[in-house]
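Results of the structural survey
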Protein chains: 2
Amino acid sequence: MNANPQFIAATAHVDEAAVQPLPNSRKVYVEGSRPDIRVPMRAISQADTPASFGAEPNPPVYVYDCSGPYTDPEAQIDIRTGLAALRAGWIEERNDTDALTGPSSEYGLERLNDSALTAMRFPGLVRQPRRAKAGKNVTQMHYARQGIITPEMEYVAIRENLRRKEYIAALKSAGPTGLKMAELLGRQHRGQNYGAALPEEITPEFVRSEIARGRAIIPANINHPETEPMIIGRNFLVKINANIGNSALGSSIQEEVEKMTWAIRWGGDTVMDLSTGKNIHETREWIIRNSPVPIGTVPIYQALEKVDGKAENLTWEMFRDTLIEQAEQGVDYFTIHAGVRLAHVPLTAKRMTGIVSRGGSIMAKWCLAHHKESFLYTHFEDICAIMKAYDVSFSLGDGLRPGSIYDANDEAQLAELKTLGELTQIAWKHDCQVMIEGPGHVPMQLIKENMDLQLAWCDEAPFYTLGPLTTDIAPGYDHITSAIGAAQIGWYGTAMLCYVTPKEHLGLPDKDDVKDGIMAYKIAAHAADLAKGHPGAQIRDNALSKARFEFRWEDQFNLGLDPDKAREFHDETLPKDSAKVAHFCSMCGPHFCSMKITQDVRDYAAQQGLSEQDALQKGMEVKAVEFVKQGAEIYRKA
Amino acid sequence: MNANPQFIAATAHVDEAAVQPLPNSRKVYVEGSRPDIRVPMRAISQADTPASFGAEPNPPVYVYDCSGPYTDPEAQIDIRTGLAALRAGWIEERNDTDALTGPSSEYGLERLNDSALTAMRFPGLVRQPRRAKAGKNVTQMHYARQGIITPEMEYVAIRENLRRKEYIAALKSAGPTGLKMAELLGRQHRGQNYGAALPEEITPEFVRSEIARGRAIIPANINHPETEPMIIGRNFLVKINANIGNSALGSSIQEEVEKMTWAIRWGGDTVMDLSTGKNIHETREWIIRNSPVPIGTVPIYQALEKVDGKAENLTWEMFRDTLIEQAEQGVDYFTIHAGVRLAHVPLTAKRMTGIVSRGGSIMAKWCLAHHKESFLYTHFEDICAIMKAYDVSFSLGDGLRPGSIYDANDEAQLAELKTLGELTQIAWKHDCQVMIEGPGHVPMQLIKENMDLQLAWCDEAPFYTLGPLTTDIAPGYDHITSAIGAAQIGWYGTAMLCYVTPKEHLGLPDKDDVKDGIMAYKIAAHAADLAKGHPGAQIRDNALSKARFEFRWEDQFNLGLDPDKAREFHDETLPKDSAKVAHFCSMCGPHFCSMKITQDVRDYAAQQGLSEQDALQKGMEVKAVEFVKQGAEIYRKA
């Protein structure tokens, strides 16, 4: 168990593991229409193809990079000062917000004035929170609906395209075999997109139109100017979220910041801080000031702490204060369980596992204790008013999600989903950005119904699902039970997948679990992109497979999601450096390697001046003799 | 790297980790129509429901048990003598086989007479190999087509049913809430079975008819009487295979036997020995004599060793001798790459990763070197003659399976599959049992086409797939990239899933990798069973979820696929024993636990003498007051 040592802000330091550049990778910034739009990507360099395979140059592959300045060797990282506020100018130049003199929430003020917290408080400059000027609406959706393309929208357009055109162009110009390489490495299977509209290239205008339509969101609180904008929507790359957060039982502020930097290093697109222990206001400040990705929270968790865990003592007023407190810190999206209505609670009575969402059960308890409609539901428009003053996006929580295969797609779950659809329309009336949370535990044959109903009832607002877990029988492996479901629901149209770690149902994830969860979900999200036929999604698979075929071991590792693990596994069997240029691997050993036969065929054809197919189809009898004469030994010395 | 130490038979011993009983589990044997049909299952005992949840008795849950006598405390295990020959009597009483005086293969004789091998040779009794009497056919398919229900068929029928009827009956009789419990724990979602025919109960006659039809196989070589029969077919539980085997670079005989016992402990239904290094004849003997599950091999691997890795030097005669050698040792199924025809090789020329199947590339090289049709293809009926003399099942190999997303479902792959369909008809003409191997690397949207074509072209012969891997970009995590694909293809109708370990593409799996691969594939197979709506598949999920809801931590661990891992993860955050009876977990801490709210609702209703739904729907206002009055504190002391 974690000893929860006292955290001292003055000595806080970045996790060294999070600031190492990834092997053979370099951070590149793609400039947009103005110099302050600089979109980060990771360029993975590759070796040339070995001479025996044709000596082709292999241009760098660009991959999506969530890691922020941490992996930029040029960046000065000090978590005590936080990241640079790259969006500050964009927010200011819109001239629709005011800088406040201090927190406008009671709780925010109280914490600010509590000198006992000084030692642990984020020591950077005291930010002046911003809020929309009276009568103004500062959401990306509001701008989009007015026809405005914000720098954030242009940023995500550049980001989604991943320099694919430039990569293909580089291939084409790469020596005599360039055109052939471009054809090979750019090819992709036709997808099955289930009604998604996936343009060849993402334009800023496409981003704007999707946001205006409510089909995508850019979570970007005006008080989190440190974010590198990203987009969540079914017509964009599938994203993943990583949950972090301490509980009464574990983990310090430093550990939570480390989990955040660790999560984004491996590809967390957003991070939710689900802390429920002490000092969650201060923990959150540290996380937000240091996070280049959007941060989500479940404000009811903190509200509950404020009433010492007695759900029935929650009030709208103190919940409202909590929303403002967090909005002014810069939380980018709030999970709001406004779909847990009084009338829905009885629908859970016959369940196997009742209500498993913490937020859902808090609200159910409140409803029962007061015999009243949920204050989240009755005050929903008041919540919208807050959200649009800071551009906090809604993540409409699925408080009645199934907690077991048994409870999947039941009346309670679907009644709530229907309510979330109604609430979506209300939020959209206020130009608030919305996504919808989804299950949970669902067997494979019932997954698609979730997606179909969500698209229909919530009018294509982005779906954001937890898994789903496709069986209950594997505690300790729920990153896998759920990656199976996540890949499928992502394929069907889910925009963001909330990771599940191996510790699900058993304990709080540590850094290893965070990485395992991220990896399983990066796989699920990418498998979904491939299956949808997302343009260019196959580029990385193709590049890695070519490296594999050509025995470019280092490139194979580096193009993968986790170069460290791949290298470590390889070295367990073949530890010597020479093995990494060997034309065989430990599975077959040096005597006969399956991957080399095709190259022999190709080489042979080339020597004969024939196309590969011709060489094989015409006059094979004669050639067979020559093939043997040339020494049909497959293995070549490295 | 493994030092490959000299293996000494006299000191060989069982892996202690493989003979520990699983927690709260006991081996039970279900007797069939005769006393020598004793079908093993694992009964997992459960605690009673805690008083606060209703004090219900929870009867044991029966799960499929591949672990053989190793987990039976009554069994005497000595790997130097091997397992008892439980099928010996059944084979003898059919009176259609002869015991030979010794191996009838040249190589088998040569090894037997090589005194240098004495120290490493399996020291148990020298078995007399059996072979069909002249003119006899000893395949299970042959018996099935004659209307004979063999003991093996009855055995697998009992095994597949998993005492589900008895479990439900035990529930019904479990106290006053028994009927309600039976309804709850026996309920299951309707499946989507894509045309599978899944009877409520598997009868011996159903098994016979499926085998006669070719839709299922029981791999059961007459020279492997130690096997506990199991069945592979789309209308039965989805099975998984674990690959083991040393290469020139690693691993000793003792290690391979350990991998086998480890694999079956965690649920490997069959094991393939893919050894390619030295002494594979002796390694195989050790494995077979100690294996209660069917063993598969790829005989061409050993044949290649016999010609020092020079594929072009392979001949039908020496291959034939290898088949007989292995058949007389007791291999239950052979991967035969007879679908790699000369004309198919040119179809691979434009691939990204060429031929990645080792067997496929061996045969491609042979075809090219000789410019002749593959001897496996031209001698296919000769092979059938051997198979039916020992009842070795065909696993028709997919030598041209795609090795990258790019190559999925291409012309080469499909041309081979079509050929495998033709060969299936030939094998069936001989009453030989057949399954068909499948890919490989396939993006999700192309998986179903593989299944549909396989069912159509191979006339529903069982499909046996490697994954498929749904993306290429995650070396080090290919157990996950492939479990995603395996779950889907299992759902669509694949009968057995060949596992992929985290070491795939990188190195040889060690014991940890074997377990990780098994777990990912047990999950995939079970998710598929649930999705198909396999009768009773949800029983284990329901039981585990009920335990979870009732905070029966130990039962939750023990009902899972890996109790050790679940317990270890739980204890990292809450190590004290008391935590295992605590009514909360480390995620929410003691102050507010989401899972307890529903129980409060239920308790409250019970106190009022109302049904749960009524209590909530009628007169809730009054009750709300009482709910609070009773002290709405959720947490209860353990």
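Residues numbered from 1 in each chain as written. Chains lettered and ligands numbered in written order. Predicted model: local features only at pLDDT ≥ 70, side-chain atom pairs only at ≥ 80, totals over all residues. Heavy atoms only, no water.

A word on the overall build of chain A
Counting its secondary structure elements, chain A contains 24 helices and 15 strands. When the 638 residues of chain A are sorted by exposure, 69% land in the buried category. Counting only contacts in chain A whose residues sit at least 6 apart along the sequence, the fraction spanning at least 24 positions is 76%. Split by element, the accessible area of chain A, about 20000 Å² in all, is 51% carbon and sulfur. (Helix = DSSP H or I, 4+ residues; strand = E, 2+ residues; numbered from the N terminus. Buried < 20%, exposed > 50% of the residue type's maximum accessible area, 1.4 Å probe, protein only. Contact = heavy atoms within 4.5 Å. Areas by Shrake-Rupley, 256 points an atom, 1.4 Å probe, with all protein chains shown as cover.)

Points about the domain arrangement of chain A
It is common to give the size of an interface as the accessible area lost on bringing the parts into contact. Residues and elements named next belong to chain A. What the domain assignment lists for chain A is domain 1 (204-530) and domain 2 (538-630). The interface of domain 1 with domain 2 comprises 7 residues on the first partner and 6 residues on the second. Taking both partners together, domain 1 and domain 2 bury about 550 Å²; carbon and sulfur atoms supply 64% of that area. Among the residues of domain 1 in contact with domain 2, Trp266, Met519 and Leu530 are the three that bury the most area, contributing 55% of the side total. Here domain 1 is connected to domain 2 by 1 salt bridge. Linking aspartate 562 and lysine 515 is a salt bridge whose minimum nitrogen-to-oxygen distance equals 3.1 Å. Taken together, domain 1 and domain 2 are joined by 2 residue pairs in polar contact (both at pLDDT 80 or more). (Domains from an automatic or database assignment. Buried area = accessible area lost by both parts, 1.4 Å probe. Salt bridge = Lys/Arg side-chain N within 4 Å of Asp/Glu carboxyl O. Polar contact = N/O pair within 3.5 Å; in protein donor to acceptor, adjacent residues only side chain to side chain.)

A short note on helix 6 (residues 178-186) of chain B
Among the residues of helix 6 of chain B, those classed as buried are B:Gly178, B:Met181, B:Ala182, B:Leu184 and B:Leu185. In this fold, the buried residues of helix 6 of chain B make contact with helix 5 (164-172) and helix 19 (539-549) of chain B.

Quick notes on the packing of aromatic side chains
All names here are of chain A. Under the counting rule described, the total for this entry stands at 30 aromatic pairs over all chains. Ring centres 5.9 Å apart and planes at 75° place the aromatic pair phenylalanine 53 and phenylalanine 549 in the edge-to-face group. Taken together, the residues span a long stretch of sequence, with phenylalanine 53 in the loop between strand 2 (38-44) and strand 3 (61-64) and phenylalanine 549 in helix 19 (residues 539-549) at a distance of 496 residues. Accessibility classification places phenylalanine 53 together with phenylalanine 549 in one group, the buried group. A network of ring pairs unites the aromatic residues Trp316, Phe319, Trp366 and Phe375 as a single cluster. Positioned above the aromatic ring of tryptophan 262, the side-chain terminus of lysine 511 is 4.7 Å from the ring centre. (Phe/Tyr/Trp six-rings, centres within 6.5 Å; stacked < 30°, edge-to-face > 60°. Lys NZ or Arg CZ within 6 Å of the ring centre and 35° of its normal.)

Examining the environment of B:Lys259
Assignment of secondary structure puts B:Lys259 in helix 8 (residues 253-265). Between the C-alpha atoms of B:Lys259 and B:Ala18, which are 241 residues apart in sequence, the distance is 9.4 Å.

Remarks on the packing of helix 17 (residues 478-492) of chain B against helix 18 (residues 511-532) of chain B
Residues and elements named next belong to chain B. Packing of helix 17 against helix 18 brings their axes to within 8 Å, and their N-to-C directions diverge by 25°. Considering their axes alone, helix 17 and helix 18 lie roughly parallel with respect to each other. With respect to the hand of their crossing, helix 17 and helix 18 are arranged in right-handed fashion. Across the interface between the two elements, His479, Ser482, Ala483, Ala486, Ala487, Gly490 and Trp491 of helix 17 pack against Asp516, Ala520, Tyr521, Ala524, Ala528, Ala531 and Lys532 of helix 18. (Axes fitted to C-alpha atoms, helices over the stretch in contact; angles between N-to-C directions. Parallel < 35°, antiparallel > 145°, perpendicular 65-115°, else oblique. Left-handed = near helix turned anticlockwise from the far one by under 90°.)

Quick word on the sheet that holds strand 2 (residues 38-44) of chain B
Residues and elements named next belong to chain B. The strand order 1-2-3 describes an open sheet built from 3 strands, whose pairing is antiparallel. Edge positions in the sheet fall to strand 1 (25-31) and strand 3 (61-63), since each has one partner strand and no second. Averaged over all pairs of adjacent strands, the angle between their axes in this sheet comes to 40°, without regard to strand direction. (Pairing = 2+ DSSP bridges.)

A look at the pairing of strand 9 (residues 270-273) of chain A
Residues and elements named next belong to chain A. On strand 9, burial covers both faces: Thr270 and Met272 on one face and Val271 and Asp273 on the other are all buried. Pairing analysis gives 4 bridges linking strand 8 (residues 239-244) to strand 9, with the strands arranged parallel. The residue bridging asparagine 243 from the neighbouring strand is methionine 272, located in strand 9. Examined bridge by bridge, strand 9 and strand 10 (residues 295-297) share 2 bridges and lie parallel to one another. The residue bridging methionine 272 from the neighbouring strand is glycine 296, located in strand 10. Regarding the hand of the β-α-β motif, the stretch spanning strand 9, helix 9 (residues 280-289) and strand 10 is right-handed. (Right-handed = clockwise from strand over helix to strand, strands pointing away.)

Here we look at the side chain of B:Thr322
Residue and element names in this part refer to chain B. With respect to the helices and strands, the residue threonine 322 is situated in helix 11 (residues 316-329). Residue class for threonine 322 comes out buried when judged on its relative accessible area of 0%. Reaching out from threonine 322, the side chain makes a polar contact with the side chain of lysine 306 at a distance of 2.8 Å. Residue contacts for threonine 322: discarding those within four places in its chain leaves Pro299, Gln302, Ala303 and Lys306.

Considerations on unusual backbone geometry
Residue A:Pro439 is joined to A:Gly440 through a cis peptide bond whose omega torsion reads 5°. Looking at where A:Gly440 falls in the secondary structure, it is placed in the loop between strand 13 (434-438) and helix 16 (447-457). Following A:Gly467, the chain continues into A:Pro468 via a peptide bond in cis, with omega recorded as 5°. In this structure, A:Pro468 sits in the loop between strand 14 (463-466) and helix 17 (478-492). Its identity as a non-glycine residue notwithstanding, A:Asp391 has a phi of 55°, on the positive side. Position of A:Asp391 relative to the elements: it lies in the loop between helix 14 (380-390) and strand 12 (393-396). Accessibility expressed as a relative area gives 0% for A:Asp391, which makes it buried. Positive phi values are uncommon outside glycine, yet B:Asn24 reaches one of about 55°. Relative to the elements of secondary structure, B:Asn24 occurs in the segment before strand 1.

Considering the sheet that holds strand 11 (residues 333-336) of chain B
Residues and elements named next belong to chain B. Here 8 strands make up a closed barrel; going around it, the order is 8-9-10-11-12-13-14-15 and the pairing parallel. Ignoring strand direction, the axes of neighbouring strands in this sheet form an average angle of 25°. When strand 10 (residues 295-297) meets strand 11, the two strands line up parallel, connected through 2 bridges. Looking across to strand 11, one finds that threonine 297 is bridged to phenylalanine 334. Seen against the sheet, helix 14 (residues 380-390) touches strand 11 and strand 12 (393-396) and runs at an angle of roughly 140° to strand 12. Where helix 15 (residues 411-429) meets the sheet, its contacts fall on strand 12 and strand 13 (434-438), and the angle it forms with strand 13 comes to roughly 170°.

Digging into the nonpolar core
Judged by nonpolar contacts, the single largest core of 345 residues is most densely connected at A:Phe394 and B:Phe394. Ignoring anything within four residues of it in the chain, the contact list for A:Phe394 reads A:Phe334, A:Ile336, A:Phe380, A:Ile383, A:Cys384, A:Met387, A:Ala427, A:Cys432, A:Gln433, A:Val434 and A:Met435. A:Ile44, A:Val63, A:Leu171 and A:Leu184 belong to the second largest nonpolar core, which has 16 residues in total. (Core = buried A, V, L, I, M, F, W, Y, C linked by side-chain atoms within 4.5 Å.)

Notes on the pattern of salt bridges
Residue and element names in this part refer to chain A. With the rule as written, the count across this model stands at 78 salt bridges over all chains. A salt bridge links aspartate 65 to lysine 27; its shortest N-O distance comes to 2.8 Å. Separated by 38 residues along the polypeptide, aspartate 65 in the loop between strand 3 and helix 1 (88-93) and lysine 27 in strand 1 (residues 25-31) bring together distant segments of the chain. An identical accessibility class is assigned to aspartate 65 and lysine 27; each is buried. It is possible to trace a salt-bridge network through shared partners that takes in Glu210, Arg213, Arg215, Arg234, Asp459 and Glu460.

With respect to the side chain of B:Thr471
Along the polypeptide, B:Thr471 turns up in the loop between strand 14 (463-466) and helix 17. At 3.1 Å, the side chain of B:Thr471 forms a polar contact with the backbone nitrogen of B:Ile473. Once you skip the residues sitting within four places of it in the chain, B:Thr471 turns out to touch A:Ile523, A:His526, A:Leu530, A:Asp541, B:Ile405, B:Asp478 and B:Thr481.

A word on helix 10 (residues 299-306) of chain A
Residues and elements named next belong to chain A. For helix 10, a buried count of 6 out of 8 residues is recorded, marking the element as mostly surrounded by other parts of the structure. Within helix 10, burial applies to Pro299, Ile300, Tyr301, Gln302, Ala303 and Leu304. Backbone geometry just after helix 10 places aspartate 308 at a positive phi near 55°.

Side note on the environment of B:Gly493
Residues and elements named next belong to chain B. Turning to its location among the elements, glycine 493 is positioned in the loop between helix 17 and strand 15 (496-498). For glycine 493, a relative accessible area of 4% translates into the label buried. For the pair glycine 493 and proline 23, spaced 470 residues apart in sequence, the C-alpha to C-alpha distance is 33 Å. Those residues in contact with glycine 493 that sit more than four places away from it in its chain are Arg234 and Met451.

A word on a nonpolar patch on the surface
A cluster of nonpolar side chains, A:Leu109, A:Leu112 and A:Val126, forms an exposed patch at the surface whose accessible area comes to about 260 Å². Among the secondary structure elements, A:Val126 is positioned in the loop between helix 2 (106-112) and strand 5 (130-132). (Patch = residues over 30% accessible without salt bridge, like charges linked within 9 Å, V, L, I, M, F, W, Y side chains within 5 Å.)

Here we look at the pairing of strand 2 of chain B
Residues and elements named next belong to chain B. Most of strand 2 is tucked away: 6 of the 7 residues are buried. Taken together, the 7 bridges between strand 1 and strand 2 define a ladder with antiparallel strand orientation. Residue pairing across strands places glutamate 31 opposite arginine 38, the latter belonging to strand 2. In sequence, strand 1 turns back onto strand 2 through a hairpin of 6 residues. For strand 2 and strand 3, the ladder comprises 3 bridges, and the chain directions are antiparallel.

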